[in-house]
Amino acid sequence: DLFYRQMPKVELHAHLNGSVSFSTIEKLTARKPHLNIEHNMTAICSGQRRTLDECFQVFKVIHQLVDTEEDILMVAKDVIRQFADDGVKYLELRSTPREEKNTGMTRRSYVQTVIEAISQCGNEGLDIEVRFLVSVDRRHGFEVAMETVKLAEDFMLSTDGLVVGLDLSGDPTVGHGGDLLPALQKAKNCGLKLSLHMSEVPSQVDESELLLNIPPDRIGHGTFLHPEVGGAQSLVDKVTMNNIPLELCLTSNVKGQTVSSYSNHHFLYWYNKGHPVVICTDDRGVFCTELSREYQLVASTFGLSQEDMWSLSHKAIDYTFASASLKEQLHRRWLELRPSLF
Ligand code: 5GP
């Protein structure tokens, strides 16, 4: 729908390697034909669903295709351009710094390359502001988490604010977030904003309780926080009291089968409470979606008007980790672009 494509949008939950489009995958498979990777191994297209476990297998395949600085540079630039083409004016991209023994890529050169991609896109004059969140993969444990926080801190200081925060992600069925608390706390103390994946599967009540005590600046998914789905009132109270925005990704949750249908998505619970929510893609390549499509989907599923959706996209500016001056600039932009009639 043209309205949602043209509407200015903020994307706050996008994993770099999950956002790789089909055309970029084709360029990567051409570089690495010996891997024999087919499209259905890197994307879950319309009508298909997978278990959460199968979704995490997809990332492993993409990681095989993206294992040099050259790959990262191309992928990051393509992803940023594609978000810009979809009308995204402010993007917070997140990615897990990866070390590849075979190619010599290090976690540091990984982050350096993403930063390079962001600045090259800036120099090309693309109409999009991009910031970076460094991801901690929970599977990798405490030591790597501490190292990653150090890296994020170094780059926050050296890139003049391009690195704005830390993300906690990775397979929610592996490891316990509680073990990583000191790393997350350290990140917070040095001025990094925290966006934590939380309650993606039903068994995470204790973990979410601990993570909410930090508290984080935003929550990824939060699918099973509320009591009706097996969460707990105490979790909802903490989220509400601290007014922590939730990043909600409908297609991702339905295709990964943590939510049974679009109309059962927890968007409605939080939206009806008047709680801050922001619509995001999660992995636009893997789940074959776009942010404009997610907005359209929310509107049609829950019967919201174009004006309601505009207001959601506008409010999202306040939930970004951007500086006060950039937020102000974005607000002005939204006011300029606002249709006089809906
Ligand atoms: P990357 O960090 O390599 O750029 O992007 C892929 C990674 O993002 C995955 O390996 C995984 O750690 C994380 N990721 C992507 N989508 C999801 C999701 O829906 N839930 C969680 N917990 N992690 C995700």
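Details of the structure are given in the entry above.
What counts as what
- Residues numbered from 1 in each chain as written.
- Predicted model: local features only at pLDDT ≥ 70, side-chain atom pairs only at ≥ 80, totals over all residues.
- Heavy atoms only, no water.
- Salt bridge = Lys/Arg side-chain N within 4 Å of Asp/Glu carboxyl O.
- Buried < 20%, exposed > 50% of the residue type's maximum accessible area, 1.4 Å probe, protein only.
- Helix = DSSP H or I, 4+ residues; strand = E, 2+ residues; numbered from the N terminus.
- Pairing = 2+ DSSP bridges.
- Axes fitted to C-alpha atoms, helices over the stretch in contact; angles between N-to-C directions.
- Contact = heavy atoms within 4.5 Å.

Enquirer: What is the right way to read the pattern of salt bridges from this model?
Expert: It is possible for side chains of opposite charge to pair when their charged atoms get near one another. Within this structure, the stated rule accounts for 30 salt bridges. The residue arginine 107 makes a salt bridge to glutamate 99 at a minimum N-O spacing of 3.9 Å. Judged by its relative accessible area of 16%, arginine 107 is buried. Given the relative accessible area of 39%, glutamate 99 is considered partly exposed. The partner of arginine 108 in a salt bridge is aspartate 154, and the shortest N-O contact between them spans 3.0 Å. Placement of arginine 108 in helix H5 (residues 107-123) and of aspartate 154 in helix H6 (residues 141-158) is noted, with a sequence separation of 46 residues between them. Relative accessible area serves as the criterion here: at 42%, arginine 108 is assigned to the partly exposed category. Overall, aspartate 154 belongs to the partly exposed group, its relative accessible area being 22%.

Enquirer: It is not clear to me how the sheet that holds strand S7 (residues 246-248) should be interpreted in this structure. Could you clarify?
Expert: Reading across the sheet, the 8 strands line up as S1-S2-S3-S4-S5-S6-S7-S8 and stay open at both edges, with parallel pairing between neighbours. Two strands close off the open sheet at either side, each with one partner strand: strand S1 (9-15) and strand S8 (277-279). Strand-to-strand twist of the sheet, defined as the mean angle between neighbouring strand axes without regard to direction, takes the value 25°. Sheet analysis places strand S4 (residues 163-169) next to strand S5 (residues 193-198), joined by 4 bridges and oriented parallel. Bridging across to S5, aspartate 167 finds its partner in serine 195. Lying on the sheet, helix H4 (residues 69-85) is in contact with S1, strand S2 (88-95) and strand S3 (129-137); it crosses S2 at an angle near 150°. Against the sheet, helix H14 (residues 324-337) contacts S1, S2 and S3, and its axis sits at roughly 135° relative to S2.

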